[in-house]
Amino acid sequence: VGSGLFGAISARELTDKGYKCLVIDKRNHIGGNCYSEEIENIHVCKYGGHIFHTNKKSIWDYVNKFTPFTQYHHFVRVSYKNKIYSFPINLMTLQQLWGTKTPEEAFNKLESVRVQIDSPQNLEEWILSQVGQEIYETFVKGYTKKQWGKDPKDLPKFIIKRLPIRSTYENGYFSDRYQGFPENGYTDMFDNLLKGIEVQLNVDYFKNKEKYNKLSKNIIYTGKIDEYYDYQYGELEYRTLIHKNKIVDGDYQGCATINYSEEDVPYTRIIEHKHFQPHKAKNNKKSYVMYEYSKPCGKNDIPFYPINDKNNNKRYNSYKKLAAKDKHIIFGGRLAEYKYYDMHQVVGAALKKVKSL
Ligand code: FAD
């Protein structure tokens, strides 16, 4: 159930082991949240920009078997009060903020702005104690409020485990060894993963449960775990995104991603998809621009980000106990495991699971 990364990889591997697989998806396309469409000669990730990154050669080699990746190295800029900053915070960011140049100057200044809080109780206090008021306001406060819909004062400090401050001018978003964007878009990778496997689209498992349960003794389920158990312990919460898109002439913002960290700006980021393929971008006279707005996930929205706070995790653990008894169902992927998984982690988890069968 589900033709996203977990479902598609499981189906591929099991088919290659000699099993007969059927993949169903309630959407009208394969690929789940990684799905891309070609628009104006640009591979647009329809649910938001996706960059593949991993340190594991085996995972990188695996995805490259199904589609060629270009060597795109992701970087992000932050817009705050009409200024653009380098991000994640590095020596260039601190230069832009304070005019410091060397690691020593920057870290002396950082030391002097930290707020003395002996035992920080919430996210705001924790960040203030690490990096001081200005960095907190510029990069964390407004952005976190928009992204999670809560004031950092009301969030536990573990939401941002670490605010990395790099002691170099390196400004790549990920530090992984292998990074890229598929030359022909993500959907090409899914077409190849699912080659020769029966796929039925526009089919909701829950509307046809009896029929599909009769077809197979074993089911790999990658939908929401709370939905599978009819929300008997209550709903697991998610955040979702609203996208507002436009096609424009020329180059809109000069890079793939700019985060907007001011609270008054309603969107969290703008993605300009052609910049995920810089070698093609400069020759394209059109551009596809996506504004992202974060909001709580309602019943009819697509769940994107699990809210792994204490209550939700407790609820998830109750569902997990039920799942452990249902031996013929394998629960995998972001929704079934209620876990913020990046793509490389889903690839790893699916391959491990299938190997154990
Ligand atoms: P999904 O892609 O959600 O697939 C689940 C599938 O199951 C869906 O197609 C759904 O329609 C189907 N389904 C659910 N219920 C039913 C049902 N009842 N009947 C039939 N079908 C059903 N990762 C990165 O590594 N790099 C990034 O830059 C990155 N950016 C991201 C940006 C956004 C906006 C989002 C939301 C995610 C991003 N990710 C990124 C994470 C990445 O999308 C996930 O790791 C990956 O897509 C998870 O795959 P999955 O198979 O677990 O889930």
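Residues numbered from 1 in each chain as written. Predicted model: local features only at pLDDT ≥ 70, side-chain atom pairs only at ≥ 80, totals over all residues. Heavy atoms only, no water.

### Some details on the pairing of strand 13 (residues 269-272)
Judged by which residues are buried, strand 13 turns out to be covered on both faces: Arg269 and Ile271 on one side and Ile270 and Glu272 on the other are all buried. One ladder, built from 3 bridges, connects strand 12 (residues 257-260) with strand 13; its direction is antiparallel. Bridge pairing in strand 13 places Thr257 opposite Ile271. Of the strand pairs in this sheet, strand 13 and strand 14 (residues 286-296) are connected by 4 bridges, and their pairing is antiparallel. (Buried < 20%, exposed > 50% of the residue type's maximum accessible area, 1.4 Å probe, protein only. Helix = DSSP H or I, 4+ residues; strand = E, 2+ residues; numbered from the N terminus. Pairing = 2+ DSSP bridges.)

### Re a positive patch on the surface
On the surface, Lys56, Lys320, Lys339, Lys352 and Lys353 cluster together into a positively charged patch. Checked against the element boundaries, Lys352 lands in helix 11 (residues 343-355). Exposure remark for Lys352: the relative accessible area of 66% places this residue in the exposed category. (Patch = residues over 30% accessible without salt bridge, like charges linked within 9 Å, V, L, I, M, F, W, Y side chains within 5 Å. Areas by Shrake-Rupley, 256 points an atom, 1.4 Å probe, with all protein chains shown as cover. Salt bridge = Lys/Arg side-chain N within 4 Å of Asp/Glu carboxyl O. Lys, Arg positive; Asp, Glu negative; His and termini not counted. Charge placed at Lys NZ, Arg CZ, Asp CG, Glu CD.)

### With respect to the pattern of salt bridges
Under the definition given, this model contains 9 salt bridges. Taking the shortest distance from any N to any O, the salt bridge between Glu263 and Lys145 comes out at 3.3 Å. On the criterion of sequence distance, the pair formed by Glu263 in the loop between strand 12 and strand 13 and Lys145 in helix 5 (residues 123-148) is long-range, its members being 118 residues apart. Residue Glu235 pairs with Lys299 through a salt bridge whose shortest N-O separation is 3.3 Å. Of the two residues, Glu235 is situated in the loop between helix 8 (225-228) and strand 11 (238-249) and Lys299 in the loop between strand 14 and strand 15 (305-306); the sequence distance between them amounts to 64 residues.

### Some remarks on the site of the ligand
Around the ligand, the structure places 31 residues, and the nearest of them are Asp25, His50, Ile51, Tyr341 and Met343. In this structure, Leu5 approaches the ligand through a main-chain N or O atom, which is 3.1 Å from an oxygen atom. A total of 1000 Å² of accessible area belongs to the ligand in isolation, and the protein chains cover 97% of it. Broken down by secondary-structure element, the contributors of at least two residues to the shell around the ligand are helix 1 (5-16) and helix 11. Grouping the amino acids of the shell around the ligand by side-chain chemistry returns 15 nonpolar, 10 polar and 6 charged. (Near = heavy atom within 4 Å. Polar contact = N/O pair within 3.5 Å; in protein donor to acceptor, adjacent residues only side chain to side chain. Nonpolar A, V, L, I, M, F, W, Y, C, P; charged D, E, K, R; others polar.)

### Looking at helix 2 (residues 57-64)
Side chains of residues three or four places apart in an α-helix project in the same direction, reflecting 3.6 residues per turn. Buried residues of helix 2: Ile59, Trp60, Tyr62 and Val63, and no others. Buried residues of helix 2 fall within an arc of 160° about the axis and therefore sit on the same side. (Arc of directions from axis to C-beta.)

### Considerations on the sheet that holds strand 8 (residues 178-182)
Overall, antiparallel pairing links the 3 strands, which are arranged 4-8-5 in an open sheet. The open sheet terminates on both sides in strands that have one partner only, identified here as strand 4 (52-54) and strand 5 (69-70). Strand direction decides the pairing type here: strand 5 and strand 8, joined by 2 bridges, are antiparallel. When the sheet's bridge partners are listed, Thr70 is paired in strand 8 with Phe181. Sitting on the sheet, helix 2 touches strand 4, strand 5 and strand 8, and the angle it makes with strand 4 is about 150°. Of the strands in this sheet, strand 4, strand 5 and strand 8 touch helix 6 (residues 186-193), which is tilted by about 90° from strand 8. (Contact = heavy atoms within 4.5 Å. Axes fitted to C-alpha atoms, helices over the stretch in contact; angles between N-to-C directions.)

### A word on unusual backbone geometry
In this chain, Phe87 is followed by Pro88 through a cis amide linkage whose omega measures 0°. Assignment of secondary structure puts Pro88 in the loop between strand 7 (83-87) and helix 3 (91-98). In this structure, Asn82 takes a positive phi of about 65° despite not being glycine. Relative to the helices and strands, Asn82 is located in the loop between strand 6 (76-80) and strand 7. Even without glycine at this site, Asn202 takes up a positive phi of about 55°.

### As for the sheet that holds strand 6
Strand order across the open sheet formed by 7 strands is 7-6-12-13-14-11-15, with mixed pairing between neighbours. Edge positions in the sheet fall to strand 7 and strand 15, since each of these pairs with one other strand and no more. On top of the sheet, helix 5 reaches strand 6, strand 7, strand 11, strand 12, strand 14 and strand 15; it is set at about 95° to strand 6, its chief contact.

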